[in-house]
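Fold and geometry: a report
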Amino acid sequence: MKLFFRLASKHMPNFTLQKATIANWETIEQIEKTSNRKLYAPRIDKAEILHDITNNFIYFIVVENKKIGFISYIVEADGNIEFNGLVILPEFQGQGIAKATFEQVLEMTNAKHYSLFVHPENEAALKIYTDAGFTIQSRLENHFGDGEPRLFMTLAHTLA
Ligand SMILES: CC(C)(COP(=O)(O)OP(=O)(O)OC[C@H]1O[C@@H](n2cnc3c(N)ncnc32)[C@H](O)[C@@H]1OP(=O)(O)O)[C@@H](O)C(=O)NCCC(=O)NCCS
């Protein structure tokens, strides 16, 4: 019985990625608002969201025409890609969607270096990043000014 439930809960719906535009800023805000404030620093105002839609890459994760989350990153001058958002609406969590999205974006971007910051108690996010090969470089006690610690993680693809 247990095995049945585990397999059933692992059934992942099909999803597509759709680039966000400034017309979507309120949807980003709504999705951000559902996240846990201790483990994740959400984008909190319109100006910040509009700035990030324009200057970052933000992709909605779409299931059956519903925007159920997003992933975001910035391409830095040296080509490093820094992830700065991965959120799934609570009712769609635990189905493997974040992990599959993250893996898809790594494949799609195919950069040599990646980085991100994650709260050390954010177990689901840490699992996704370590499974993708990211390793912890350092711990910063108040990186986002929210009084919470973050781990700085990186992934480097080296030529074999
Ligand atoms: C982090 C987040 C995106 C994960 O989304 P999700 O779709 O539920 O994640 P997945 O279903 O792909 O699960 C990823 C892994 O974490 C594991 N996991 C999920 N919740 C967990 C928990 N509470 N504790 C431990 N592991 C957990 C899953 O079992 C899975 O591991 P597996 O592939 O070995 O089975 C989601 O929890 C979220 O939106 N959180 C709020 C925003 C946030 O914190 N984002 C991270 C920014 S760094």
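Residues numbered from 1 in each chain as written. Predicted model: local features only at pLDDT ≥ 70, side-chain atom pairs only at ≥ 80, totals over all residues. Heavy atoms only, no water.

Digging into the packing of helix α4 (residues 97–109) against helix α5 (residues 123–131)
Viewed as axis vectors pointing N to C, α4 and α5 meet at an angle of 35°, and their least axial separation amounts to 10 Å. Taken as a pair, α4 and α5 cross one another with a handedness that is right-handed. Here α4 contributes Ala 98, Lys 99 and Phe 102 to the contact with α5, which in turn contributes Lys 127, Ile 128, Tyr 129 and Asp 131. In the contact of α4 with α5, the residues fall into four nonpolar, no polar and three charged. (Axes fitted to C-alpha atoms, helices over the stretch in contact; angles between N-to-C directions. Helix = DSSP H or I, 4+ residues; strand = E, 2+ residues; numbered from the N terminus. Left-handed = near helix turned anticlockwise from the far one by under 90°. Contact = heavy atoms within 4.5 Å. Nonpolar A, V, L, I, M, F, W, Y, C, P; charged D, E, K, R; others polar.)

Things to note about the confidence of the model for the protein chain
Across the protein chain, the average pLDDT comes to 92, with 92% of residues at or above 70. Predicted confidence is poor over residues 1–8, with pLDDT under 50, and the contacts of this stretch with residues over four places away or in other chains come to zero contacts. (pLDDT = per-residue confidence, 0-100.)

Observations concerning the packing of aromatic side chains
Scanning all chains against the criterion turns up eleven aromatic pairs. An angle of 55° between the planes, with centres 5.0 Å apart, marks the rings of Phe 102 and Tyr 129 as tilted. You can see Phe 102 sitting in helix α4 and its partner Tyr 129 sitting in helix α5, a full 27 residues away along the chain. Accessibility expressed as a relative area gives 1% for Phe 102, which makes it buried. By way of ring pairs, the aromatic residues Phe 57, Tyr 59, Tyr 73, Phe 83, Phe 102, Tyr 114, Tyr 129 and Phe 134 are connected into one cluster. (Phe/Tyr/Trp six-rings, centres within 6.5 Å; stacked < 30°, edge-to-face > 60°. Buried < 20%, exposed > 50% of the residue type's maximum accessible area, 1.4 Å probe, protein only.)

A closer look at α5
By the burial criterion, the buried members of α5 are Ala 125, Leu 126, Ile 128 and Tyr 129. Buried residues of α5, seen end-on, are gathered within an arc of 160° and therefore sit on one face of the element. Seen from the buried face of α5, the exposed residues on the opposite side, beyond 90 degrees, are Glu 123 and Ala 124. Taken from the residues just after α5, Gly 133 is the one with a positive phi, measuring 105°. (Arc of directions from axis to C-beta.)

Looking at the environment of Gln 104
With respect to the helices and strands, Gln 104 occurs in helix α4. Distance from Gln 104 to Ile 88, taken between C-alpha atoms, is 15 Å for residues 16 residues apart in sequence.

Examining the sheet that holds strand β5 (residues 113–118)
Each strand in a sheet pairs with another by means of backbone hydrogen bonds, the pair being arranged parallel or else antiparallel. In space, the seven strands of this open sheet follow the order β1-β2-β3-β4-β5-β7-β6, with mixed pairing throughout. Both outer strands of the open sheet, β1 (16–19) and β6 (135–140), are each paired with one neighbouring strand and no more. Across the sheet, the mean angle from the axis of one strand to that of its neighbour is 30°, orientation sign disregarded. (Pairing = 2+ DSSP bridges.)

Digging into unusual backbone geometry
Glycine aside, a negative phi is what most residues show, and trans is what most peptide bonds show. Even without being a glycine, Glu 64 presents a positive backbone phi close to 45°. Examined against the element boundaries, Glu 64 turns out to sit in the loop between β2 (57–63) and β3 (66–75). Despite not being glycine, Asn 65 has its phi angle at roughly 70°, a positive value. Considering the arrangement of structural elements, one finds Asn 65 in the loop between β2 and β3. Overall, the relative accessible area of 76% leaves Asn 65 in the exposed class.

Points about the pairing of strand β7 (residues 150–156)
Two strands pair when backbone bridges link them, and β5 and β7 are joined in this way by six bridges, in the antiparallel orientation. Across the sheet, the residue bridging to Ser 115 is Thr 154, located in β7. Of the strand pairs in this sheet, β6 and β7 are connected by five bridges, and their pairing is antiparallel. Directly across from Ser 138, in β7, lies its bridge partner Phe 152.

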